[in-house]
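Here are the chains, one letter per residue:
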Amino acid sequence: MKITYFGQSCFLLETAAHRVLIDPMISINPLAKHIKVDEIECDTILVTHAHFDHVVDVFSIALRNDALLVSNYEIVEYFKSKGIVKTHPMNIGGTWSFDFGKLRMVYAAHSSSFADGSYGGTASGYILEVEGKRLYIAGDTGLTMEMKLIGDLYPPDIAILPIGGNYTMNAEDALHASHFIDCSHIIACHFDTVPEIEIDKEAANNLFKQASKELKFLNIGESYPI
Ligand code: NI
Ligand code: MN
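Just so you know, these numbers come straight off a predicted model, no measurement behind them. (Residues numbered from 1 in each chain as written. Chains lettered and ligands numbered in written order. Predicted model: local features only at pLDDT ≥ 70, side-chain atom pairs only at ≥ 80, totals over all residues. Heavy atoms only, no water.)

(A) Highlighting the environment of D173. If you trace the backbone, D173 turns up in helix α5 (residues 171–180). Classification of D173 by relative accessible area gives partly exposed; the value is 28%. Between the C-alpha atom of D173 and that of L143, which follows or precedes it by 30 residues, the distance is 6.0 Å. (Helix = DSSP H or I, 4+ residues; strand = E, 2+ residues; numbered from the N terminus. Buried < 20%, exposed > 50% of the residue type's maximum accessible area, 1.4 Å probe, protein only.)

Right, dumping it as C-alpha cells:
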C-alpha cells in the first residue's frame with residue numbers, strides 16, 4: 001500500500017485492488033502545476049468537507065473515472081444534483097465496510113460550505129482500516145478533545161494531520177493531536193498553499209523529533225509506502 005501527495009490535503013491511497021483519492025484540489029493549486037489532473041485514476045473519492053480547497057476537482061475526476069463519491073450526506077446530495085451518480089453518504093459516527101476497506105467518519109472541529117454558499121453539512125475526518133493498517137485522515141480541524149476518543153478506541157498506525165495553522169491546527173497543536181490519537185507516524189498536510197499557511201518545516205520536524213515522533217513532509221507528486 002502506498003500514498004501519493006498531490007498538494008494541500010489531496011492524497012491518493014493505492015491498495016492492492018483500489019485507488020482512493022482524498023480531497024482533490026489540484027487544478028487550481030499553483031504548487032501542483034506538474035500534476036496532470038486529467039490522468040489521475042481512482043475508483044473512490046473521499047471528501048472531508050465542502051470547502052473549495054478540498055472539492056474543486058471532485059466533479060471532473062469522479063465523472064471521468066466513474067468513481068464512487070463518499071462524503072457526508074449534504075456533500076453527496078450536492079454532487080448528485082450536479083450529475084454524479086455513484087455515491088455513498090455517511091455521517092459522523094457512522095462506519096461502513098466498503099470493498100476498499102472499513103471506513104469510520106469522525107468529528108472534525110471545522111466548518112463546511114461550498115464556494116457558492118451551499119450548505120456542506122458538518123466537517124469530518126475518517127478512520128480507514130485497510131490491509132491490516134489503520135489510517136486516520138483528520139481533514140481540516142483544530143485540536144479537539146474528540147481526538148482522545150480516537151486514541152482510546154482506534155489508535156491509528158499512521159495519521160494525516162493538517163499543520164499549516166490559521167485555518168487548522170499548527171505544528172504545535174498537531175503534536176498535541178498526535179499524543180491524543182496515540183500515533184507516532186504523522187504525514188503533514190494543509191501547509192504552504194497560500195501565504196497564511198506557510199510554515200517552517202524544519203522547525204516542525206524538530207518539534208516532533210524532540211517528542212520521538214515522525215513528521216513526514218511529502219513533496220507534491222511523491223509517493224510513500226505505508
Ligand atoms: Ni476547510
Ligand atoms: Mn482546507
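(B) Structural view of the layout of surface pockets. Taken as a whole, the largest pocket spans an internal volume of roughly 240 Å³. Q8, F52, D53, Y167 and V194 are, among the 15 residues lining the largest pocket, the residues nearest its centre. By residue class, the composition of the lining of the largest pocket is 7 nonpolar, 5 polar and 3 charged. Reported here for the second largest pocket is a volume of approximately 160 Å³. Forming the boundary of the second largest pocket are I92, G93, R104, M105, V106, Y107, E146, L149, I150, L153 and Y154. Contributing elements (two or more residues each) for the lining of the second largest pocket: β8 (101–107) and α4 (146–153). Of the residues assigned to the lining of the second largest pocket, the class counts are 8 nonpolar, 1 polar and 2 charged. (1 Å grid on protein atoms, 1.4 Å probe; cavity = no way out; pocket = protein on both sides within 12 Å on 5 of 7 lines; lining within 4 Å. Points joined across faces, edges and corners; volume = space filled by probe spheres on them. Nonpolar A, V, L, I, M, F, W, Y, C, P; charged D, E, K, R; others polar.)

(C) Molecular detail of the coordination of the manganese ion (ligand 2). Surrounding the manganese ion (ligand 2) are the protein donor atoms D53 (OD), H54 (NE2), D140 (OD) and H190 (NE2), at 2.1 to 2.2 Å. Mapping the donors of the manganese ion (ligand 2) onto the primary sequence gives the spacing D-H-x85-D-x49-H. Between the manganese ion (ligand 2) and the nickel ion (ligand 1), both coordinated by D140, there is a metal-metal distance of 3.1 Å. With D140 in the loop between β10 (133–137) and α4 and H190 in the loop between β12 (185–189) and α6 (201–210), the pair connects residues that are 50 residues apart, well separated along the chain. (Donors = N, O, S within 2.8 Å, 3.2 Å for Na, K, Ca; no water.)

(D) Structural view of the coordination of the nickel ion (ligand 1). Within the first shell, the nickel ion (ligand 1) binds the protein through H49 (NE2), H51 (ND1), H110 (NE2) and D140 (OD), at distances of 2.2 to 2.3 Å. If you look at the nickel ion (ligand 1), its 4 donor atoms make angles of 90 to 177° with each other, and the shape they trace is irregular. As a motif over one chain, the donors of the nickel ion (ligand 1) read H-x1-H-x58-H-x29-D. (Tetrahedral: all angles 85-135°; square planar, octahedral: opposite > 155°, others 65-115°.)

(E) Just the pattern of salt bridges, in detail. This structure, assessed with the given rule, holds 6 salt bridges. E77 is the partner of K80 in a salt bridge, and the nearest nitrogen-oxygen pair spans 3.2 Å. Of this pair, K80 and E77 are both found in helix α3 (residues 73–82), 3 residues apart, which corresponds to roughly one turn of the helix. A salt bridge links R134 to E129; its shortest N-O distance comes to 3.1 Å. Overall, E129 belongs to the partly exposed group, its relative accessible area being 30%. Several salt bridges share partner residues, and in doing so they unite K2, E14 and R19 into one network. (Salt bridge = Lys/Arg side-chain N within 4 Å of Asp/Glu carboxyl O.)

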